[in-house]
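# Descriptive analysis of the structure
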Amino acid sequence: APHIATDTATLENVIRSVPFDRLTERFGAEGAQSILRRANGECDKPVVPKMAPKSLLSAKTFQATRGEKPVLGWLKLLATELFGRAHTDAVMFGRIPTKMTLRWSGREKGHHITKRISVPNPNPFLAYATLRQDAGAQVALEYLDAAVPRVVDACAGEVPFNELTWGLSLQLDSFESSSIPGSWGDNDTMTTQQSQFKRFFAKRPSKPASVPGASGNQSGLAQSDPTSPPSADGAGRVAPKRVA
């Protein structure tokens, strides 16, 4: 068997070093072809759409602390992270969360408080996602200065600031369908983003992996033909604008 250096023992290098007839002898014709397809980066399996998660979560553990200022700081961080995740979720699935679950961990290990909280009305996650899609990232970031405190205030009343706190988590769920500009599910039609991904992942005609019986050290590994993935920047979005 050919010697292959440990630092170069990738699937591609292994296949390049083994003649096709040797692969066929060891794995059979079908198995050899399957190995070559994998080495060439080919896959016949259909692309499975990402399933919508049941909830969106942000959680932190930290050195035990007490007092309103430090704990509110952690809540602000959780809320800020969730605005970004809720925006991505809204674009992919055309929905907005309406409920939050706050989990507080403190005093001793195993001591937890869990509270269900309604998202403030009007829904700041809907407003943020719409601004991100309609007016652009900068305008949406400016909106966060007012939106994050609203979420923090909705949770603050459930936190025992006088107790030692070592962990917090905030979860978004109870989603409702909503019309988000540029959403992948907008009007139940395929958006520009989906069309681009479908074209990119479309099955290409397979080239013969090898000519059985060919002499030499040819494995039939296709030459690399890199294809740049579609740019999602601006796809399906309204051009950034400001409202006077």
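Because the structure is a prediction, the values reported are computed rather than measured.

### Here we look at the overall build of the protein
In terms of regular secondary structure, the protein is built from 6 helices and 4 strands. Listing every helix and strand of the protein by position from the N terminus yields α-α-β-α-β-β-α-α-β-α. Looking at the protein residue by residue over its 244 residues, the buried ones come to 32%. Looking at the protein alone, contacts between residues at least 24 apart form 76% of all its contacts between residues at least 6 apart.

### Remarks on the pattern of salt bridges
Considering all chains together, one arrives at 4 salt bridges under this definition. The closest approach of N and O atoms between Lys60 and Glu81, which form a salt bridge, is 3.0 Å. Pair noted here: Lys60 is in strand 1 (residues 56-65) and Glu81 is in helix 3 (residues 68-93), with a separation of 21 residues, a long-range link. With a relative accessible area of 22%, Glu81 lands in the partly exposed category. Its salt-bridge partner being Arg95, residue Asp89 comes within 2.7 Å of it at the nearest N-O pair. Of the residues examined, Asp89 reaches a relative accessible area of 5% and is grouped as buried. Note on Arg95: relative accessible area 12%, which makes it buried. Connected through shared salt-bridge partners, Lys60, Glu81 and Arg85 make up one network.

### Comments concerning the pairing of strand 4 (residues 165-177)
In terms of strand pairing, strand 1 meets strand 4 through 7 bridges, oriented antiparallel. Note that in strand 4 the partner of Leu56 across the bridge is Leu172. As defined by bridge partners, strand 2 (residues 95-106) adjoins strand 4 across 11 bridges and the pair is classed as antiparallel. Paired with Leu102 across the strands is Leu170, a residue of strand 4.

### A few points about the side chain of Ser58
Along the chain, the position of Ser58 falls in strand 1. Within the structure, the side chain of Ser58 is placed 2.5 Å from the side chain of Glu81, a separation counted as a polar contact. In this structure, Ser58 is in contact with Leu78, Glu81, Leu82, Arg85, Leu168, Ser169 and Leu170, ignoring residues within four places of it in sequence.

### Points about the environment of Leu23
Structurally, Leu23 can be placed in helix 2 (residues 20-39). Leu23 has contacts with Ile15, Val18, Gly28, Ala32 and Leu36, leaving out every residue within four places of it along the chain.

### Section: helix 4 (residues 124-134)
Buried within helix 4 are the following residues: Pro124, Phe125, Tyr128, Ala129 and Gln133. The buried residues of helix 4 occupy one face: seen down the axis, they fall within an arc of 165°. On its buried side, helix 4 packs onto helix 3, strand 2, helix 5 (137-156) and strand 4. Two or three places before Phe125, at the opening of helix 4, Asn123 has a side-chain oxygen 2.8 Å from that residue's backbone nitrogen. Phi for Gly136, located one or two positions after helix 4, is positive at around 100°.

### Regarding the sheet that holds strand 1
Judged by pairing direction, the sheet is antiparallel, and its 4 strands sit side by side in the order 1-4-2-3 without closing on themselves. Strand pairing shows two members of the sheet lacking a second neighbour, strand 1 and strand 3 (112-118), which therefore form its edges. Strand-to-strand twist in this sheet, taken as the mean axis angle between neighbours without regard to direction, amounts to 20°.

### Overview of the confidence of the model for the protein
Interpretation of the predicted coordinates at a detailed level should be avoided for regions scoring low in pLDDT. Overall, the prediction assigns the protein a mean pLDDT of 79, with 70% of residues at 70 or greater. This model gives residues 208-244 a pLDDT under 50, and the stretch forms 57 contacts once residues within four places in sequence are excluded.

### Observations concerning unusual backbone geometry
For the peptide bond that leads from Asn121 to Pro122, omega is 0°, which places it in the cis range. At Ser174, a position not held by glycine, the phi torsion is positive, near 50°. Tracing the sequence through the fold places Ser174 in strand 4. Judged by its relative accessible area of 31%, Ser174 falls in the partly exposed class.

Rules used throughout
Residues numbered from 1 in each chain as written. Predicted model: local features only at pLDDT ≥ 70, side-chain atom pairs only at ≥ 80, totals over all residues. Heavy atoms only, no water. Helix = DSSP H or I, 4+ residues; strand = E, 2+ residues; numbered from the N terminus. Buried < 20%, exposed > 50% of the residue type's maximum accessible area, 1.4 Å probe, protein only. Contact = heavy atoms within 4.5 Å. Salt bridge = Lys/Arg side-chain N within 4 Å of Asp/Glu carboxyl O. Pairing = 2+ DSSP bridges. Polar contact = N/O pair within 3.5 Å; in protein donor to acceptor, adjacent residues only side chain to side chain. Arc of directions from axis to C-beta. Axes fitted to C-alpha atoms, helices over the stretch in contact; angles between N-to-C directions. pLDDT = per-residue confidence, 0-100.

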